[in-house]
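Fold and geometry: a report
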Amino acid sequence: MALLATTGCSTHSIFLLKDKTTFTPIGDQKYPAHTNRVFISHEPLPATMKAQVLGQVDAGTVMYNAFHIVYCRMAQKARDVGADAIFDANVWYQPCGWANATPHGKGTAIKLMDGETPDFSSMKGDWF
């Protein structure tokens, strides 16, 4: 019973009972929320980009959905914590909740440093 109680809390648990999106911060720096679009890429953060890593965004759903639903939820969580982009994004399907193939995802949320205007058009990814 204790195992069920603790694994049900994880965003990627097969015992997840409702959609869940979490943010695990790295450090204690806080930024205000915004309403701008967020760039999400499978690629790693470019070494030349001046950015601060804010933390890990995780999302899990309990019903059949398209993977872009997870990206939308990850982007909203990134906006909530002031992030401008998510790199190293990964989405997969796994059994969870009420279905045998539900989308789950994770990625690293970053904040662009003042004055940094990267050319996202040269990177693989999408705006959400």
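Okay, so let's go over this structure. The structure presented is a predicted model; accordingly, all values stated were derived computationally and were not measured.

What follows deals with the sheet that holds strand E3 (residues 51–60). Here six strands make up an open sheet; going across it, the order is E1-E3-E5-E4-E2-E6 and the pairing mixed. Of all the strands in the sheet, the pair left with one neighbour each is strand E1 (20–25) and strand E6 (126–127). As paired elements, strand E2 (residues 39–40) and strand E4 (residues 85–96) share two bridges and run parallel to each other. In the sheet register, Phe-39 faces E4, and the bridge partner there is Ala-85. Across the face of the sheet, helix H2 (residues 67–80) comes into contact with E1, E2, E3, E4 and strand E5 (99–112) while running at roughly 135 degrees to E4.

Another aspect to go through is the pattern of salt bridges. Across all of its chains, the model carries two salt bridges by this definition. When the shortest N-O distance is used, the salt bridge between Arg-73 and Asp-19 registers 2.8 Å. Of this pair, Arg-73 sits in helix H2 while Asp-19 sits in the loop between helix H1 (2–7) and E1, and the two are 54 residues apart along the sequence. Given the relative accessible area of 33%, Asp-19 is considered partly exposed. For Asp-84, the salt bridge is made with Lys-111, and the minimal N-O distance between the two is 3.7 Å. With Asp-84 in the loop between H2 and E4 and Lys-111 in strand E5, the pair connects residues that are 27 residues apart, well separated along the chain.

Ranked by size, the top nonpolar core spans 16 residues in total, and within it Val-38, Ile-40, Tyr-71, Met-74, Ala-83 and Ile-86 carry the most contacts. Of all the elements in the fold, those that place two or more residues in this core are E3, H2 and E4. The element that contributes the greatest number of residues to this core is H2, accounting for five residues. Contacts of Ala-83, omitting those with residues within four sequence positions, involve His-34, Val-38, Leu-54, Ala-78, Ala-109 and Ile-110. Listed in part, the eight residues of the second largest apolar core include Phe-39, Met-49, Ile-110 and Phe-120.

Thresholds, definitions, all that
- Residues numbered from 1 in each chain as written.
- Predicted model: local features only at pLDDT ≥ 70, side-chain atom pairs only at ≥ 80, totals over all residues.
- Heavy atoms only, no water.
- Pairing = 2+ DSSP bridges.
- Helix = DSSP H or I, 4+ residues; strand = E, 2+ residues; numbered from the N terminus.
- Contact = heavy atoms within 4.5 Å.
- Axes fitted to C-alpha atoms, helices over the stretch in contact; angles between N-to-C directions.
- Salt bridge = Lys/Arg side-chain N within 4 Å of Asp/Glu carboxyl O.
- Buried < 20%, exposed > 50% of the residue type's maximum accessible area, 1.4 Å probe, protein only.
- Core = buried A, V, L, I, M, F, W, Y, C linked by side-chain atoms within 4.5 Å.

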